[in-house]
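Topology and contacts: notes
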Amino acid sequence: MSGADVRRPGVKSSGVATRRLTVAQALITFLTRQYTERDGHRQRLITATWGIFGHGNVAGIGQALLESGTGPFPLSPPGRRLPGTDTPTGPDTPYTSCMPYFQGRNEQAMVHAAVGYARQSRRLSAHAVTTSIGPGATNLVTGAALATINRLPVLLLPGDTFATRPADPVLQQLEVPYAGDLSVNDALRPVSRFFDRITRPEALIPSALQAMRVLADPAETGAVTLALPQDVQVEAYDWPEEFFAERDWRVGRPCADRAALASARRALADAQRPLVVVGGGVHHSEAEAALGAFADATGIPVASTQAGKGSLPYDHPADIGGIGHTGTAVAAELARTADLVIGVGTRWSDFTTASSTLFQNPSVRFLNINVTSFDAHKMAGLTLIADAREALTSLTSSPVRVQPSYEREYREAKVGWEQRVDTAFRAEDPHAVPTQTQVLGVLDSLVDQDDIVINAAGSLPGDLHRLWRARSVDQYHVEYGYSCMGYEIPAAIGVCLAAPGRPVWALVGDGTYLMNPTEIVTAVQEGIPIKVVILQNHGYASIGGLSESVGGERFGTAYRHRAPDGTYTGAPLPVDLAANAESLGLRMIRARTVDDLRQALIDARGADVPTGVYVETETADTVSSAPPAQAWWDVPVAEIATRPSAVKAREEYERHFAERRRQL
């Protein structure tokens, strides 16, 4: 091959075997040899690279990807045991010597696809994303924030301006008069768990190793950025062969300190009304079975955050559904009276705590099980800094069971809530236009444990958290750490890559769809059979409802023509999102009634090509028939206003605000 001379092994004067490669070639080769290992299962850490090429990366990372060989891409990550078998795909497959490449359409969307893949892979495998300098690099920032906030690994490889500065400025360079070493990539520093700029070839070695350490560390992981000046990418260097040796990054299961475990057991023994709140850490740890055993042994009810939902199946006797502002009435009432709250793998966001108004028992204490010390110390809780599975298993070894009357109380309440779910899902007239919750109800009636449902923003997360009946540990995939509009479609692609053969649904409203539909083209190009459900409700339904509740009168939230008074209260915009999606290559099915919708979803579920279902609701303010919020959320209201709606909203705000308490 043309690169044979460049790649030939050599020997330095010190006797160390070397290989002469460019920085970009060395990095890609290095990435193909990195593995994670947990519980005896080994898998590639970086299984593919997404990229859009420009002058900042086309001759460096782009050329290196071409030389590495980019496919074909096996949909099952190497080293993971294949479903239903005991045979892992091994490191001897040809795939391990190449770096599969995916062509994206939007840099932010490429990160979303990588994040979806990492979450579905339990953070044991991840993707890299490469961009040019300038806008390509800054487009990564939103995706990087989403990854870091959700504690999910993604490797970012943006091009950067020349390290040697032969011309200053170059195309797309940000000039900073007070600092010559800054570029737009520095915007990625606060949203990255590790950041480095590789200004010399030899600097790649320690930096690449640190990058892998952070990506594989469950307590540190998030977005990792290696900024690569375009001249350094193509510079050749004699790399030590040891740099390219296979490395296993062990993802351990740290156990809790004995004294901390003893304190936790005492707290459990003293509690009369304990409550478990599970977050995404349960899924990342694959601790669902341990959680089920703990709940069975103790009888303690289990509520879930958005990230933790599905940790128990919805029909488990101890599962009481979502908690917080978007949670169930059952979870809200138990939270208000709980005297011990056991947080497992949660970071205690304001939606979970109802902006510090939910846990009202004057004697309430918190016990936090978390692999990350930063999260374990929140709510002034007792801490078990440990892997979720290990900690739950340890606590189950000497369980304390709650009183039978407490079990009866929450189980009876659970039955009542399920009846409210049935009412919200039920469509009395099959020929009527469905509400949003009826759309969910029809989908709920058709899926089984293989289906995966993805959402991130708008009014859907609230409806899903309150109502959706999760049937498997990974069916519920709602990104609510950053609640990023436009996440769903690219994330569905990433999930499909990590879970081939399973139906993957991206649920999007019209506002979310318009934010980021571009990766439909990628799904069509790659033949990835995502199912996209587009709900046309003519505006920002979620923010419209919030605006009304805080005295904003739904200002600027409807997708309508301007009225004579200058407001957006005219006729709905004549936007045909189904036609738009079809123009991108998506097979579309239009549904006008509940009956139409049922058949459309059946057809989409069985499709082997990317398929969309388009359903229009009547107006933004009748989009949902879900039960109202069961707990508060703090959105400050104008202290001084002349409009009656804002004055009334301020009075209600002050009433709720008075219920806030700091857990000290």
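For the structure itself, look to the data block above.
Residues numbered from 1 in each chain as written. Predicted model: local features only at pLDDT ≥ 70, side-chain atom pairs only at ≥ 80, totals over all residues. Heavy atoms only, no water.

What follows is about the overall build of the protein chain. A count of helical and extended segments in the protein chain gives 25 helices and 24 strands. Here the C-alpha radius of gyration of the protein chain, 26 Å, is about what a compact globule of 664 residues would show, namely 26 Å. On the principal axes, the C-alpha backbone points of the protein chain span a range of 75 × 70 × 55 Å. Counting over 664 residues, the protein chain shows a buried share of 56%. Sequence separation of 24 or more characterises 76% of the internal contacts of the protein chain that already satisfy a separation of 6 or more. Accessible surface, the protein chain: about 26,300 Å² in total, of which carbon and sulfur atoms supply 53%. In the protein chain, 61 positive and 72 negative side-chain charges are present, and the distance between their average locations comes to 4 Å. (Helix = DSSP H or I, 4+ residues; strand = E, 2+ residues; numbered from the N terminus. Rg over C-alpha atoms; globule rule 2.2 N^0.38 Å. Buried < 20%, exposed > 50% of the residue type's maximum accessible area, 1.4 Å probe, protein only. Contact = heavy atoms within 4.5 Å. Areas by Shrake-Rupley, 256 points an atom, 1.4 Å probe, with all protein chains shown as cover. Lys, Arg positive; Asp, Glu negative; His and termini not counted. Charge placed at Lys NZ, Arg CZ, Asp CG, Glu CD.)

Reading across the sheet, the six strands line up as β6-β5-β7-β8-β10-β9 and stay open at both edges, with parallel pairing between neighbours. Two strands in the sheet have a free side with no partner beyond their single neighbour: β6 (101–103) and β9 (194–197). Pairs of neighbouring strands in the sheet enclose a mean axial angle of 20 degrees, with direction left out of account. The sheet contact formed by strand β5 (residues 46–51) and strand β7 (residues 126–131) spans five bridges and is parallel. Looking across to β7, one finds that T49 is bridged to A128. In this fold helix α4 (residues 107–120) packs onto β5, β7 and β8 (154–160), with an angle of close to 170 degrees to the strand it touches most, β7. (Pairing = 2+ DSSP bridges. Axes fitted to C-alpha atoms, helices over the stretch in contact; angles between N-to-C directions.)

Attention shifts here to the nonpolar core. F359 and L384 are the most contacted members of the largest nonpolar core, which totals 85 residues. Discounting residues that sit within four places of it in the chain, F359 has contacts with I323, A335, V341, W348, T353, V364, F366, M379, R661 and Q663. Formed by 53 residues, the second largest nonpolar core is a distinct cluster that contains Y487, A492, C496 and M588. (Core = buried A, V, L, I, M, F, W, Y, C linked by side-chain atoms within 4.5 Å.)

Next up on the list: the packing of aromatic side chains. Scanning all chains against the criterion turns up 15 aromatic pairs. Ring geometry for F359 and F366: centres 5.2 Å apart, planes at 90 degrees, overall edge-to-face. Judged on exposure class, the residue F359 and its partner F366 are both buried. Here the aromatic cluster, defined as three or more aromatic residues joined through ring pairs, consists of F30, Y237, W239, F243 and F244. Across from the ring centre of Y476, 5.5 Å away, lies the NZ or CZ of K309, which sits over that ring. (Phe/Tyr/Trp six-rings, centres within 6.5 Å; stacked < 30°, edge-to-face > 60°. Lys NZ or Arg CZ within 6 Å of the ring centre and 35° of its normal.)

Turning next to the pairing of strand β22 (residues 531–536). β22 sits mainly inside the fold: six of its six residues count as buried. A two-sided burial pattern is seen for β22, the buried positions comprising K531, V533 and L535 on one face and V532, I534 and Q536 on the other. Pairing analysis gives five bridges linking strand β21 (residues 504–509) to β22, with the strands arranged parallel. Each bridged residue has a counterpart across the sheet, and for W505 the counterpart in β22 is K531. With six bridges connecting them, β22 and strand β24 (residues 611–616) associate as parallel partners. Bridged to V533 within β24 is V613.

We now examine helix α18 (residues 460–467). Buried residues dominate α18, accounting for eight of its eight residues. Every buried residue belonging to α18 is among L460, P461, G462, D463, L464, H465, R466 and L467, and all of these are buried.

All right, on to the packing of α4 against helix α6 (residues 140–149) then. Their axes nearest at 7 Å, the elements α4 and α6 cross at an angle of 20 degrees. In terms of orientation, α4 and α6 fall into the roughly parallel class. The handedness of the crossing between α4 and α6 comes out as right-handed. Taking contact as the criterion, the partners of E107, Q108, V111, H112 and V115 in α4 are, on α6, L140, T142, G143, A144, L146 and A147. Tallied by class, the residues present in the contact of α4 with α6 amount to six nonpolar, four polar and one charged. (Parallel < 35°, antiparallel > 145°, perpendicular 65-115°, else oblique. Left-handed = near helix turned anticlockwise from the far one by under 90°. Nonpolar A, V, L, I, M, F, W, Y, C, P; charged D, E, K, R; others polar.)

Each neighbour pair has its own omega, and for D168 with P169 the value is 10 degrees, a cis peptide bond. Its identity is not glycine, yet E286 carries a phi of approximately 55 degrees, on the positive side. Structurally, the position occupied by E286 is in the loop between α10 (280–284) and α11 (288–298). Notably, A354 is not glycine yet its phi reads approximately 50 degrees, a positive angle. Along the polypeptide, A354 turns up in the loop between α13 (350–353) and β17 (365–370). With relative accessibility at 0%, the residue A354 sits in the buried group.

With that settled, consider the sheet that holds strand β14 (residues 302–304). If you trace the six strands from one edge of the open sheet to the other, you get β15-β14-β13-β16-β17-β18, paired in parallel fashion. Each end of this open sheet is capped by a strand with a single partner; those strands are β15 (319–322) and β18 (382–385). Each neighbouring strand pair of the sheet contributes to a mean axis angle of 20 degrees, computed without reference to strand direction. Judged from the two bridges that link them, β14 and β15 form a sheet pairing that is parallel. Residue S304 lies in a different strand from β15, and its bridge partner there is G322.

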